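Spelled out, the chains give:
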Amino acid sequence: MEIRRTSWVQLVVLLLPLVLVLTVSFVGSVKGASNKSSTQTATHWQQHQQRYQSHINETRSKDQELSKEPLGLVVNSPHESHLTRTSVIFGLTKVANSSIVNPLCQSQLRHLQRGILSKQPWAMKVLDASGTKPSGFVYGQNYWFGSREACKDVQRPVGITLSKNFDRVMHLGLITQRAPFDMDYRVVYLRHSSPWQVEIKLMSEQIIHIGLCLPTACSSQEITHLSEEYVSRGMFTENDIFDIRPEVVYIKDLQLSDTFYQRMSFRLVVTCVIATCALMLCSQQLMAEAKKRKTLIPPDLDGRDGDENEEDRGLVPAESELWKFLHTLLQWERLQRFVKCYDVPGNWAKIFAIRDNSVNEIPLMNGLRSVCAIWIMVFHVVWFMYFTVHNKTVLISYAEQAFFQYVSSAPLLVDVFFTISGFLQTYNFLRNSQQLEAVRLNGFGQNLKLFGKLLFHRYLRLGPLYLVVMATVDLVYAYIGDVSVYHINERFDEMCSRHWWRNLFFVQNLFDHRDMCANWSWSLACEMQFFILANGLLFLYVKHPKVTKTLVATALFSTIAWSYGIGLSIKFQLSFDSAFATGTEIYTSPFVRVLPYILGAITAWMLLERSRKGSQWELNEVRERWAWHFSLMVFFVCIYSTIKRDLGSFMAITLFVMGRLFFSLSVCWMISGSATGRGVWWSRLLEAKGFQHLSRLSYAIYLLNPLVIALFYSLTSSSTHADPFMLCVVTCGFAVIVYLASIIFSLAFELPYSNMSSLLLKRGSKSKNA
């Protein structure tokens, strides 16, 4: 046993050194492999860093060498002739000489030319940022903008961070290199007469927009001369292919002119905003003071009653001399009544108030106004999109498809507003027994005074918001005319400055629609003219009812005959180009558009006559329900009646006149049915309380939506594409913006003057009663 134990111990002692040796050798081999791997990784990283740094140094050295080259140096490139014919910016550098541009401009253009031919990164960015002809010219692609943002990035390094861990094939100078001199983005506008583009005859589709990234040293006038020289030499290759035959119209530097802040509209808008804010502030001061007076103030420590403390009864809070001055000024009672019309919380509550409909109201009108205002806004989204879209032909083809008829026929919905106005004007006048008696007893002079009073209140309710929007239109179009990349065909800033008095007196629709300030306001001019005509006939009706009935019937048949006569004489057609060209004679003419107003007035008179005589509708429930559904069917049949537009003049004008006649009659049925408390499920939807809020904003929505839409479209830097899905998204965005703008404008420029009108009417009634 002892011998065996000793042998095992000796064996372990002999093997232990061997195990230790093997372990040490294994660990050493692993460590060596690890060190080798890490050494290879470090070496690879160092090589990548060296290549990256050498690339940067090589690029910088080349740029420095090229920037030091003499101006007369010629760089040979096989692409020079191709660039001269296809790139406008390169072509301008070729035609530049001392007789057209100043020496500094010529030098920088030559530098740019050499940079492009030698493929310097900054020059390649300039070439890429400048516009060339894209595809789609045949269908209306006239927007060759290039990239305005890329031209700005020529002045500074691109603000992105790229990892150094990856190999890149790009020239790193595209990110880091700057132009050796200042560059600006300009837009040159060329008028073309190519037979190879669909010509729709809607204003400015024959204007080619070319964005160019040019040296700041070159003035706009010099660029105009360069462009004229370039196109006159026939160097434009697109002229050979598409027979463009370009003619330089003008050039924009997209900078706001110095005269912008000197415009009268700017002063008027600023004055109106400051005055309105001041009045709102004063109103809040009065409300705070009134609220404090209602609060019971405890007696002072010396025993005086709280009401005897004059200092405490002062301003709320009395912190500055300005507040004290306002307080002194607002002690005048008449001024207090006037200022309270600008109460923001009170007016806000009126806009958002939802209440039960009273017996004397016609709730369906709220739904009709709201739906039609939004519907017309959708049309304006498409209409103003036309002037920025690069596939105009496709957009027009959409408008003629059956599915999109609800958009292209939306202008017919203006007749809904005319019908409602004619109905309400007659309905409210003939229901006012006190006013009828006064008209009956008054002489001509007194009735003339009463007529003027009604006209004054109408102007007071409609005028302020309307005139502020007109001034804003002038200001906005002056702004976008300077800074927008688009050619603005409808220069409302020029029209408003020249013909402002037409809008002031609501007569702009009596002139050519191309010379209107804010041409969508033609319907408001018609409204005011119809209001004056209707009031005159209503005054006459009180004393001579038979004569008035004869005159109204004559007016109804006369407007139909007039429409036929004008339509046949101008060979009216339903195509979009013909409708635009005949807008003055057909679309905006009060003699043509008075038809629905007359029908609305007749409906109101018939409804009141039936109620006075106590007669009721004789239709049973089933027939009445079918009559409601039939009116809705007529409404939409008239909307979709223009799906076939290639009709002769007689058929086209017949469809136009009869369509508007039956369309207005369907609206008259809806209004009269709602006035008598009857309806069906879809009419109950239009009578929903939620439409009360939108109805109060419908006037502001109608006035503001074209302005907002045109502004946002004009400030985009690239043309839009006619796509139905994206159009839905854009329309929703515009609806939100227009809704918010309408709340602001209504609070500031509509409700205060409506309150003022109501205040004056109450004072007049009190003085008569006294």
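Predicted model only: the values in this text are computed from it and were never measured.

Chemist: I keep staring at the state of the cysteines and nothing clicks. Help me out?
Modeler: Here a disulfide denotes a covalent bond joining the sulfur atom of one cysteine to the sulfur atom of another. In total, this model carries three disulfides according to the counting rule given. Paired through a disulfide, Cys-105 and Cys-218 show a sulfur-sulfur distance of 1.8 Å. What sets the handedness of the Cys-105 and Cys-218 disulfide is the S-S torsion sign, and at about 95° it is right-handed. Here Cys-105 is found in helix H4 (residues 103-117), whereas its partner Cys-218 is found in the loop between strand E3 (207-215) and helix H8 (220-232), with 113 residues between them in sequence. For the residue pair Cys-105 and Cys-218, the accessibility class agrees, reading buried in each case. Disulfide pairing places Cys-151 opposite Cys-213 at an S-S distance of 2.1 Å. On the sign convention where negative is left-handed, the bridge of Cys-151 and Cys-213, at about 80° about the S-S bond, is right-handed.

Chemist: Help me understand the packing of helix H22 (residues 545-569) against helix H26 (residues 595-613) in this model?
Modeler: How two helices sit against one another is set out by the angle between their axes and by the gap between those axes. The contact between H22 and H26 brings their axes to 10 Å, and the two run at 145°. Between H22 and H26 the crossing geometry is left-handed. The segment H22 lies against H26, with Lys-549, Val-552, Ala-555, Leu-556, Thr-559 and Ile-560 engaging Leu-595, Ile-598, Leu-599, Ile-602 and Trp-605. Among the residues forming the contact of H22 with H26, the class breakdown is nine nonpolar, one polar and one charged.

Chemist: So what exactly am I meant to see when it comes to the pairing of strand E2 (residues 183-191) here?
Modeler: Put simply, side chains in a regular strand alternate between the two faces of the sheet. Burial analysis of E2 places seven of its nine residues in the buried class, the great majority of the element. In the sheet, E2 pairs with E3 via nine bridges, with the strands oriented antiparallel. When the bridges of E3 are listed, Arg-186 appears paired with Leu-212. With five bridges connecting them, E2 and strand E4 (residues 247-252) associate as antiparallel partners. The residue bridging Leu-190 from the neighbouring strand is Val-248, located in E4.

Chemist: Would you mind showing me how to read the side chain of Asn-447 here?
Modeler: Following the sequence through the fold, Asn-447 ends up in helix H19 (residues 444-483). Judged by its relative accessible area of 10%, Asn-447 falls in the buried class. Once residues lying within four places of it in the same chain are set aside, the contact partners of Asn-447 are Ala-438, Val-439, Asn-442, Phe-539 and Lys-543.

Chemist: Where do I start with the packing of aromatic side chains in this structure?
Modeler: By convention here, two paired aromatic rings are described through the distance between centres and the angle between planes. All chains considered together, the criterion is met by 45 aromatic pairs. Through a chain of ring-to-ring contacts, three or more aromatic side chains come together here, namely Phe-379, Trp-383, Tyr-386, Phe-387 and Phe-580. Just above the ring of Tyr-386 sits the side chain of Lys-392; from NZ or CZ to the centre is 5.4 Å. Between the NZ or CZ atom of Arg-645 and the centre of the ring of Phe-576, over which it lies, the distance is 4.3 Å.

Chemist: Can you help me understand empty space enclosed by the protein in this one?
Modeler: One water molecule sets the probe size; rolling that probe over the atoms shows where empty space is left. Going through the model one piece at a time under the given rule, you end up with four cavities of 30 Å³ or more. Lining of the largest cavity is provided by 14 residues; of these, Phe-384, Phe-387, Tyr-477, Ile-488 and Ser-714 occupy positions nearest its centre. Where the lining of the largest cavity is concerned, the elements lending two or more residues are H19 and helix H30 (690-714). Among the elements that line the lining of the largest cavity, the one with the most residues is H30, at three residues. Broken down by class, the residue content of the lining of the largest cavity amounts to nine nonpolar, four polar and one charged.

Chemist: Sorry, what's going on with the side chain of Thr-472 here?
Modeler: As for its placement among the helices and strands, Thr-472 is situated in helix H19. The exposure class of Thr-472 is buried, given its relative accessible area of 14%. Sequence-distant contacts of Thr-472, defined by excluding residues within four places in its chain, comprise Val-269, Leu-707 and Phe-745.

Chemist: Honestly, the packing of helix H21 (residues 522-543) against H26 in this entry has me stumped. Any pointers?
Modeler: Where H21 contacts H26, the axes come no closer than 11 Å and their chain directions differ by 35°. The two elements H21 and H26 meet at a crossing, and its hand is right-handed. Contact residues: H21 offers Glu-527, Phe-530, Phe-531, Ala-534 and Tyr-541, while H26 offers Tyr-597, Trp-605 and Glu-609. By residue class, the composition of the contact of H21 with H26 is six nonpolar, no polar and two charged.

Chemist: What is the right way to look at the pattern of salt bridges in this model?
Modeler: Pairing between side chains of opposite charge can happen when their charged atoms approach one another. One pass over the full model with this rule turns up 18 salt bridges. Linking Lys-201 and Glu-199 is a salt bridge whose minimum nitrogen-to-oxygen distance equals 3.2 Å. For Lys-201, a relative accessible area of 54% puts it in the exposed group. Relative accessible area serves as the criterion here: at 40%, Glu-199 is assigned to the partly exposed category. Residues Asp-646 and Lys-644 are paired through a salt bridge, measuring 3.2 Å at the closest nitrogen-oxygen approach. Assessed through its relative accessible area of 61%, Asp-646 is described here as exposed. On the basis of relative accessibility, which here comes to 47%, the residue Lys-644 falls in the partly exposed class. Overlapping salt bridges bring together Asp-415, Arg-593 and Arg-660 as one network.

Chemist: Got a minute to help me understand the sheet that holds E2 in this structure?
Modeler: Hydrogen bonding along the main chain pairs the strands of a sheet, whether they run parallel or antiparallel. Ordered by their spatial adjacency, four strands build an open sheet running E1-E3-E2-E4, and the pairing between neighbours is mixed. Single-partner strands in this sheet number two, and they are strand E1 (143-144) and E4. Looking at chain direction, E1 and E3 are connected through two bridges and run parallel. Along E3, the bridge assignment pairs Trp-144 with Ile-210.

Chemist: Any chance you could explain a positive patch on the surface here in plain terms?
Modeler: Together, Lys-546, Lys-549, Arg-610 and Lys-613 make up a positively charged patch on the protein surface. Those elements that place two or more of their residues in the positive patch are H22 and H26. You can see Arg-610 is positioned in helix H26.

Chemist: Explanation requested: the confidence of the model for the protein in the structure shown.
Modeler: For the protein, per-residue confidence averages 84 on the pLDDT scale, and 84% of positions sit at 70 or higher. Counted against residues more than four places away or in other chains, residues 62-72, with its pLDDT under 50, gives 11 contacts. Predicted confidence is poor over residues 300-316, with pLDDT under 50, and the contacts of this stretch with residues over four places away or in other chains come to 21 contacts.

Cut-offs applied
Sequence order as written defines the numbering, with residues in each chain counted from 1. Where local features are concerned, this predicted model is filtered to residues with pLDDT of at least 70; where side-chain atom pairs are given and counted, the filter is 80 or more; whole-chain, interface and lining totals use all residues. Side-chain measures here rest on the full set of heavy atoms in the structure, leaving out hydrogens and waters. The disulfide criterion used throughout: a pair of cysteine sulfur atoms within 2.5 Å. Runs of E in the DSSP output that reach at least two residues are strands. Runs of H or I that reach at least four are helices, and both are numbered from the N terminus. Summary of the burial criterion: residues with accessible area below 20% of their type's maximum are buried, those above 50% are exposed, and those between are partly exposed, where the area comes from a 1.4 Å probe applied to protein chains only. With axes taken as lines fitted to C-alpha atoms, and helix axes fitted only over the stretch in contact, angles between N-to-C directions fall between 0 and 180 degrees. By definition, any crossing whose near helix is turned counterclockwise from its far helix by less than a right angle is left-handed, and any crossing with a clockwise turn is right-handed. Working rule for contacts: check all heavy atoms of both residues, and any pair within 4.5 Å makes them a contact. Residue polarity follows a fixed list, in which Ala, Val, Leu, Ile, Met, Phe, Trp, Tyr, Cys and Pro are nonpolar, Asp, Glu, Lys and Arg are charged, and the others, Gly among them, are polar. Strands qualify as paired when DSSP identifies two bridges or more between them. Pairing of aromatic rings covers Phe, Tyr and Trp, the last through its six-membered ring, and needs centres within 6.5 Å; plane angles under 30 degrees mean stacked, over 60 mean edge-to-face, and all others mean tilted. In our convention, an over-ring charge means Lys NZ or Arg CZ found within 6 Å of a ring centre and within 35 degrees of that ring's normal. Here a cavity denotes a set of grid points, spaced 1 Å apart and computed over the protein atoms alone, in which a 1.4 Å probe fits but from which it cannot get out, and a pocket denotes an open set meeting protein on both sides within 12 Å along at least five of seven lines; residues with an atom within 4 Å of a point are reported as lining. Grid points are joined across faces, edges and corners, and a volume is the space filled by probe spheres set on the points. In what follows, salt bridge is the name for a side-chain nitrogen of Lys or Arg lying within 4 Å of a carboxyl oxygen of Asp or Glu. Patch membership needs two things, relative accessible area over 30% and no salt bridge, and members are linked within 9 Å if like-charged or within 5 Å if nonpolar (Val, Leu, Ile, Met, Phe, Trp, Tyr). Here the Shrake-Rupley method, with its probe set to 1.4 Å, supplies the accessible areas, and only the displayed protein chains count as covering residues. The charged-residue count follows a simple rule in which Lys and Arg add positive charge and Asp and Glu add negative charge, with His and chain termini not counted at all. Taken as the charge location is NZ of Lys, CZ of Arg, CG of Asp or CD of Glu. Confidence per residue, as judged by the predictor, is encoded in pLDDT with a range of 0 to 100.

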